[in-house]
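Here's the letter readout for the chains.
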Amino acid sequence: MNLKSYLALIENTEAALSIYSNTASFLYQELPTINWAGFYFLVDKTLHLGPFMGNPACSLININNGVCGKCVRDQKTIVVKNVHEFEGHIACDSASNSEIVIPLFLDSQLIGVLDIDSPVLNRFSDSDKEILEQLVSILMNEIKKATVQITL
Ligand code: SME
């Protein structure tokens, strides 16, 4: 995955929604052996489904539940080697076997998560975690500069 190409794709984009949408598409195209990549955004204690690529997914996740909820509670990246061994995992796609969830911080406030699923067990290595955290840091830097907030 080339982070320079990623930055070139999203920089100078005006709307945050467009940046998140192209990020989901970029990850889906660039990462081999994944079946879902997308965003959930935090409002009070609920995560709401945002732009994604992959099968339709649950639109609401309480932060007490799932890998995404754990990421919000712990405020750090969660890597799950085998989702079937993770108590409380929310199965949106029965094909998923491993997962990584990375928190999104805007001005040190957690505003949501990036969630990526794979049908391959133990798909996400330490170096995947590192590069995806770098990508999220580039993402949030561009989100800060986005001038258009689309309220639907
Ligand atoms: N598996 C997630 C739910 C979201 S889907 O994977 C798209 C979880 O346990 O939080």
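Residues numbered from 1 in each chain as written. Predicted model: local features only at pLDDT ≥ 70, side-chain atom pairs only at ≥ 80, totals over all residues. Heavy atoms only, no water.

Asker: What am I meant to see in the site of the ligand here?
Answerer: Near the ligand you find 13 residues, and of these Val67, Cys68, Ile90, Glu99 and Asp117 are the closest. Take Val67: an N or O atom from its main chain is 3.0 Å from an oxygen atom of the ligand. In the model, an oxygen atom of the ligand is placed 3.2 Å from a nitrogen or oxygen of the Asp115 side chain. Considering the ligand on its own, with 300 Å² of exposed area, one finds that the protein chains cover 100% of that surface. No other element matches the three residues that helix H3 (residues 66–74) contributes to the shell around the ligand. Per-class residue counts for the shell around the ligand are eight nonpolar, two polar and three charged. (Near = heavy atom within 4 Å. Polar contact = N/O pair within 3.5 Å; in protein donor to acceptor, adjacent residues only side chain to side chain. Areas by Shrake-Rupley, 256 points an atom, 1.4 Å probe, with all protein chains shown as cover. Helix = DSSP H or I, 4+ residues; strand = E, 2+ residues; numbered from the N terminus. Nonpolar A, V, L, I, M, F, W, Y, C, P; charged D, E, K, R; others polar.)

Asker: Sorry, what's going on with the sheet that holds strand S1 (residues 36–43) here?
Answerer: Across the sheet, six strands lie side by side as S3-S2-S1-S6-S5-S4; this open sheet has antiparallel pairing. Edge strands, defined here as strands with exactly one partner in the open sheet, are strand S3 (60–62) and strand S4 (78–80). Neighbour to neighbour, the strand axes of the sheet diverge by 25 degrees on average, direction disregarded. As paired strands, strand S5 (residues 98–106) and strand S6 (residues 109–118) are joined by nine bridges and run antiparallel to one another. Directly across from Ile100, in S6, lies its bridge partner Ile116. Each of S1, S4, S5 and S6 touches helix H4 (residues 126–145); the most contacted strand, S5, lies at about 35 degrees to it. (Pairing = 2+ DSSP bridges. Axes fitted to C-alpha atoms, helices over the stretch in contact; angles between N-to-C directions. Contact = heavy atoms within 4.5 Å.)

Asker: Honestly, the packing of aromatic side chains in this entry has me stumped. Any pointers?
Answerer: Centre distance and the angle of the planes are the two values used to describe a pair of aromatic rings. Applying the stated rule across the entire model yields six aromatic pairs. When the ring of Tyr20 is compared with that of Phe39, the centres are 4.9 Å apart and the planes differ by 65 degrees; the resulting orientation is edge-to-face. You can see Tyr20 sitting in helix H2 (residues 16–30) and its partner Phe39 sitting in strand S1, a full 19 residues away along the chain. Considering the side-chain rings of Tyr20 and Phe41, the 4.7 Å spacing of their centres and the 70 degrees angle between planes classify their relative orientation as edge-to-face. Pair noted here: Tyr20 is in helix H2 and Phe41 is in strand S1, with a separation of 21 residues, a long-range link. (Phe/Tyr/Trp six-rings, centres within 6.5 Å; stacked < 30°, edge-to-face > 60°.)

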